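Chains, contacts and geometry: an overview
Here is how the chains run, residue by residue.
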Amino acid sequence: NQFVPQVTVGDMAMLASPDAPETVAATTTSTTATTTKPTGDPSASPTPEPSISPSNTPTATPSNMPSSSSDPTTYPTGSPSTNPTSYPSASPSKEPTSVPSDSPTDEPTATPTETPSASPSTKPTNRPIDFSLWTQAAFGIEPSASPTSEPTREPTSSPTRRPTRRPTRKPTRRPTRKPTRNPTSEPTREPTSEPTTSEPTLSPITASPTPYEPFFFGDSFTTHRDLGIEVSTGLSVRVIAEQGQRVPYADGDRSSKSYHTMTDAAGIIPLDPQNPTEGGYAYVVNSEEEDGDGGVYAIYFDKDGNVLEYKSLLTGTTDNCGGGLTPWNTWVSCEEYSEGQCWEVDPYRNAARVTKLGGKRGGRYESVAVDDTNPDEPVFFTTEDDDDGCLRRFAARGSGWGALQSDGDTSFLNILDKRNFEWTDDEDEARESAAEYYRNSEGIQYHEGKLYFMAKKDFKLIILDLEEMTYEVEITGRKFYGEGSFSAQPDQNLFGPSRKYIYFTEDGGDSPGVYARYGKDGTFFTMFQAIRGGVYDGDETVGIALSPDNTKFYAGIQKGVIFEFRREDGLPFE
């Protein structure tokens, strides 16, 4: 090996050897149908045809001359003429009376009356009132200049069948959307658009609450030009770290070291495995620098996602590209060059050591997944980013720190045909199979007896059924919903906590992004992507990981920055 990695843990170094020692560092409208109050004397209504000349019969109160007043007389004339007077007879008052109608009830009227009864009386009428045109009624109109045979627009002296509890000054033409100032006796039929101005209604709103609208990635984009990305509407974003800049801490301070360059794959490790959502966590992330300048670093957070510290965990290695988490909360970082190895890093102990996953020969290793169905003997799967890079299977003979440095059984994926596969001890046979069926394998995940891994150059998601020993193939991004497109090479992948989505990074293209694949449906959605043709044209997205409580999603762009995304509805990612 031309580059013998010097592994630096904290400020110490050790040889890249399986035997190297570990080092510890580190949320009513109630239209009250109100009638104008009737006059004090219900029978004092105008005569149908008032006279236009003085009567031969003296009036009750005689005068020296015939009446020539332009005002109507107090009493009707003795023998009215058949012709109308030039002025109307004494008209009822326009103003409401000081007392309500004869016998109001406790029930409010359902709707306002449009016209009065034909003949006022002191008793309520039995004839029903026609409400059919109530919405077209014209209220508050002045009386006509001459009398008509039609009833007046003034209200009758008798109450409607359901008089109001208390009259108002003017009836409304129609219900308004603004709430009443006083409580109603019945609930409204639908919620108002504004809050009530004083007291609440006596009964609760009966309309159904607004239905929950599920969040979908990619329905629309919000553009953040200052960050160079377009984000699915409904997500917030903030910058956690930028390459070449000291990492800002929550207390206002900054890291002593600048954030590393060529950032790549990452994982989240809880610092208190017994209480993962309460003890803080480490975002462990690779650097894919060449020639011994690569390594592994960590950003430490408290349980609320506040940045506390940034430091190096492993240095002196080369092209640290992908990786994966172990059941005992360590990170495996894979070197992607011809003689690369897989390194196990513990952010709690601040220790690192090489594993046996890469074998003696080494290779361009990419990512790691584990089947811990048997926690005492977990099985690790390692991909290799090469044209003939075969998928490796390592059955450990123990668990915990040290298990990956101990003996185990290694075999390789050999795809037999378009449906079946096997595990073989013949690495050369497996490499021929890889060159034919799954070139340049990348991200890999295990879930419920199945392996999901990427064949980057062929744009494939390959799903191995480890029990049936069969497989299926899906072309990434072919079935797509919403904004964006997943058209460049698929790279890393990550299961969400509910297994509803698998998240993918993208290598290359003019707008590399992070995408979510929906369950068995296989539809892809955009979470975020670089602005097309912008500063990240041709770059790749990296570092996808979820906080222990699943409310914070971390991802980045290799030659620039690490972002933190949150759902604006406050819910966790799925």
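Scroll up for the structure.
This report concerns the structure included in the present document. (Residues numbered from 1 in each chain as written. Predicted model: local features only at pLDDT ≥ 70, side-chain atom pairs only at ≥ 80, totals over all residues. Heavy atoms only, no water.)

**Re the pairing of strand 21 (residues 441-447)**
As a reminder, the rule being used: When a residue's accessible area, from a 1.4 Å probe over protein chains only, is under 20% of the maximum for its type it is buried; when over 50% it is exposed; and in between it is partly exposed. Strands are runs of DSSP state E lasting at least two residues, helices are runs of H or I lasting at least four, and both sets are numbered from the N terminus onward. One requirement defines pairing of two strands: DSSP has to find at least two bridges between them.
Burial analysis of strand 21 places seven of its seven residues in the buried class, the great majority of the element. Bridging between strand 21 and strand 22 (residues 450-455) involves five bridges; their strand directions are antiparallel. Note on strand 22: the bridge partner recorded for Y446 is L451. With antiparallel pairing between neighbouring strands as the criterion, strand 21 and strand 22 make up a hairpin whose turn holds two residues, including E448 at a positive phi of roughly 45°.

**Things to note about a negative patch on the surface**
Rules: A patch consists of residues exposed above 30% relative accessible area that lack any salt bridge, with like charges linked at up to 9 Å and nonpolar side chains (Val, Leu, Ile, Met, Phe, Trp, Tyr) linked at up to 5 Å. To measure how exposed things are, a 1.4 Å probe is used in the Shrake-Rupley method; for residues, cover is taken only from the protein chains shown. We define a salt bridge as a side-chain nitrogen of Lys or Arg found within 4 Å of a carboxyl oxygen belonging to Asp or Glu. This count recognises Lys and Arg as positive and Asp and Glu as negative, with His and chain-terminal groups excluded. To locate a charge, the coordinates of NZ of Lys, CZ of Arg, CG of Asp or CD of Glu are taken.
A cluster of acidic residues, D425, D426, D428, E429 and E432, forms a negative patch at the surface. Assignment of secondary structure puts D426 in the loop between strand 20 (421-424) and helix 1 (427-437).

**Things to note about the sheet that holds strand 17 (residues 379-384)**
As a reminder, the rule being used: Inter-axis angles, ranging from 0 to 180 degrees, are taken between N-to-C directions of lines fitted to C-alpha atoms, where helices are fitted over the stretch in contact.
The five strands lie next to each other as 16-17-18-19-20, forming an open sheet whose pairing is antiparallel. Among the strands making up the open sheet, the edge pair consists of strand 16 (365-371) and strand 20. Averaged over all adjacent pairs, the angle separating strand axes in this sheet is 25°, with direction ignored. Pairing of strand 18 (residues 392-396) with strand 19 (residues 408-415) involves five bridges; the strand directions are antiparallel. Its bridge partner lying in strand 19, A395 is registered against D409.

**Brief notes about the environment of Y337**
Note on placement: Y337 falls in the loop between strand 13 (331-335) and strand 14 (342-346). You can call Y337 buried: its relative accessible area is 10%. Each C-alpha atom of the pair Y337 and C321 lies 9.5 Å from the other, and the pair is 16 residues apart in sequence.

**As for the nonpolar core**
The condition that has to hold: Within this scheme, the nonpolar core is defined by two criteria: the residues are buried Ala, Val, Leu, Ile, Met, Phe, Trp, Tyr or Cys, and they are joined through side-chain atoms within 4.5 Å. Contacts between residues were defined by any pair of non-hydrogen atoms, one from each residue, lying within 4.5 Å.
Counting residues in hydrophobic clusters, the biggest one holds 25 residues, and the most contacted among them are F553 and F565. Mapped by element, the contributors of at least two residues to this core are strand 4 (229-232), strand 5 (235-242), strand 26 (501-507), strand 27 (513-518), strand 28 (523-530), strand 29 (541-546), strand 30 (553-557) and strand 31 (561-567). Broken down by element, this core gets its largest block of residues, four residues, from strand 28. Setting aside residues up to four positions removed in sequence, F565 forms contacts with I229, V231, S236, V237, M527, F528, T551, K552, F553, A555 and F573. Counting residues in each nonpolar core, the second largest holds 23 residues, with F412, I415, L451 and A455 among its members.

**Overview of unusual backbone geometry**
Not every positive phi belongs to a glycine, and N440 is a case in point at roughly 50°. One can find N440 in the loop between helix 1 and strand 21. In this model, E448 sits at a positive phi of 45°, which is unusual for a non-glycine residue. Its place among the elements puts E448 in the loop between strand 21 and strand 22. Of the residues examined, E448 reaches a relative accessible area of 68% and is grouped as exposed.

**Here's the deal with the side chain of Q405**
The condition that has to hold: In protein, a polar contact means a hydrogen-donor-capable atom and an acceptor-capable atom, both N or O and within 3.5 Å, with residues adjacent in sequence counting only if both atoms are side-chain atoms; elsewhere, any N or O pair within 3.5 Å suffices.
Note on placement: Q405 falls in the loop between strand 18 and strand 19. Within the structure, the side chain of Q405 is placed 3.1 Å from the side chain of E344, a separation counted as a polar contact. A distance of 3.3 Å separates a polar side-chain atom of Q405 from the backbone oxygen of V354.

**Observations concerning the pattern of salt bridges**
Close approach of charged atoms lets side chains of opposite charge pair. Taken as a whole and judged by the stated rule, the model has 24 salt bridges. Residue R566 pairs with E564 through a salt bridge whose shortest N-O separation is 2.9 Å. Within the structure, one salt-bridge network assembled from shared partners comprises R361, E384, D388, R392, E427 and R431.

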